[in-house]
Amino acid sequence: MSLSESELPRTEDEWRVRLSPEEFRVLREAGTEPPWTGEYVDTKTPGVYHCRACGAELFRSEDKFDSHCGWPSFDDAIPGAVKEIPDNTLGMRRTEIRCARCDSHLGHVFEGEGFTPKDTRHCVNSISVRLEPKQG
């Protein structure tokens, strides 16, 4: 499922060929899908969420929770899978999350909201990930 290092696109034009226009807008141009429209907002299926662009493992279903924000939320990422970047757009201070392997935009991470004991919410665009259901 994961692309090998040699298969990873090197230019935005190569990504544009590999991804749908909406995937490209979100993953490569840091767009956001409208709330409550993503396929994984209410999903409870056990499994692993992979980067839709490169296939890297990012989040486990046991870390997914209902935050009622309109996007899938996880209180943890797979160690080393996600990188955090300060984002001061839209007149506010946020932290963007990107795939550590291919640098594709996933969403934003928020802390201190009190949703879970880990007190962290990775707010992820459904179109940025693909669920691989657990076998058996």
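Up top you'll find the structure we're talking about.
Before going into details, it helps to say that this report is about the structure given with it. These figures come from a predicted structure and were not determined experimentally. The numbering scheme is per chain: residues are counted from 1 as the chain's sequence reads. Totals for whole chains, interfaces and linings use all residues, but because this is a predicted model, local features are given only for residues with pLDDT of at least 70 and pairs of side-chain atoms are given and counted only at 80 or more. Remark: hydrogens and water are excluded; side-chain values derive from all non-hydrogen atoms of the structure.

1. Some points on the nonpolar core
In a soluble, globular protein the nonpolar side chains are often hidden away together inside.
Phase 1: Nonpolar cores are built from buried Ala, Val, Leu, Ile, Met, Phe, Trp, Tyr and Cys residues. Side-chain atoms within 4.5 Å join them into one set. Each residue's exposure class comes from its accessible area (1.4 Å probe, protein chains only) as a fraction of the maximum for that residue type: buried when under 20%, exposed when over 50%, partly exposed otherwise. Counting 28 residues, the largest nonpolar core has Leu-58, Phe-59, Val-82 and Cys-102 as its most contacted members.
Phase 2: Here a strand is any run of E in DSSP of at least two residues, a helix any run of H or I of at least four, and the numbering for each starts at the N terminus. At the level of secondary structure, the elements contributing two or more residues to this core comprise helix H2 (21-27), strand S1 (47-51), strand S2 (57-60), strand S6 (94-99), strand S7 (105-111) and strand S9 (129-133).
Phase 3: Examining the composition of this core, we find that three residues originate from one element, S1, more than from any other.
Phase 4: Contact criterion: two residues are considered in contact whenever any of their non-hydrogen atoms come within 4.5 Å of each other. Filtering out sequence-adjacent residues up to four positions away, Leu-58 remains in contact with Tyr-49, His-50, Cys-51, Ala-77, Ile-78, Ala-81, Val-82, Cys-99, Leu-106 and Val-129.

2. Side note on the sheet that holds S2
Either a parallel or an antiparallel arrangement is found when strands of a sheet pair, and the pairing is made through backbone hydrogen bonds.
Phase 1: For two strands to pair, DSSP has to find at least two bridges joining them. With antiparallel pairing, three strands are arranged side by side in an open sheet as S2-S1-S9. On the outer flanks of this sheet lie S2 and S9, each paired with one strand and no other. Averaged over all neighbouring strand pairs, the angle between strand axes comes to 30°, with direction disregarded. Whenever a helix is involved, its axis is fitted only over the stretch in contact; in every case the axis is a line through C-alpha atoms, and angles between N-to-C directions fall within 0 to 180 degrees.

3. Details of the pairing of S7
Phase 1: A large share of S7 lies buried, amounting to five of its seven residues.
Phase 2: Judged from the four bridges that link them, S6 and S7 form a sheet pairing that is antiparallel. Pairing of Ile-97 across the sheet is with Gly-107, part of S7.
Phase 3: In this antiparallel pair of consecutive strands, S6 and S7, the connection spans five residues, and Asp-103 shows a positive phi of 65°.
Phase 4: Of the strand pairs in this sheet, S7 and strand S8 (residues 120-124) are connected by five bridges, and their pairing is antiparallel. Residue pairing in the sheet places Glu-111 in a bridge with Thr-120 of S8.

4. Brief notes about unusual backbone geometry
Phase 1: Even without glycine at this site, His-68 takes up a positive phi of about 60°.
Phase 2: Mapping His-68 onto the fold places it in the loop between strand S3 (64-65) and strand S4 (73-74).
Phase 3: Look at Asp-103: it is not a glycine, yet its phi comes out positive at around 65°.
Phase 4: Secondary-structure assignment places Asp-103 in the loop between S6 and S7.

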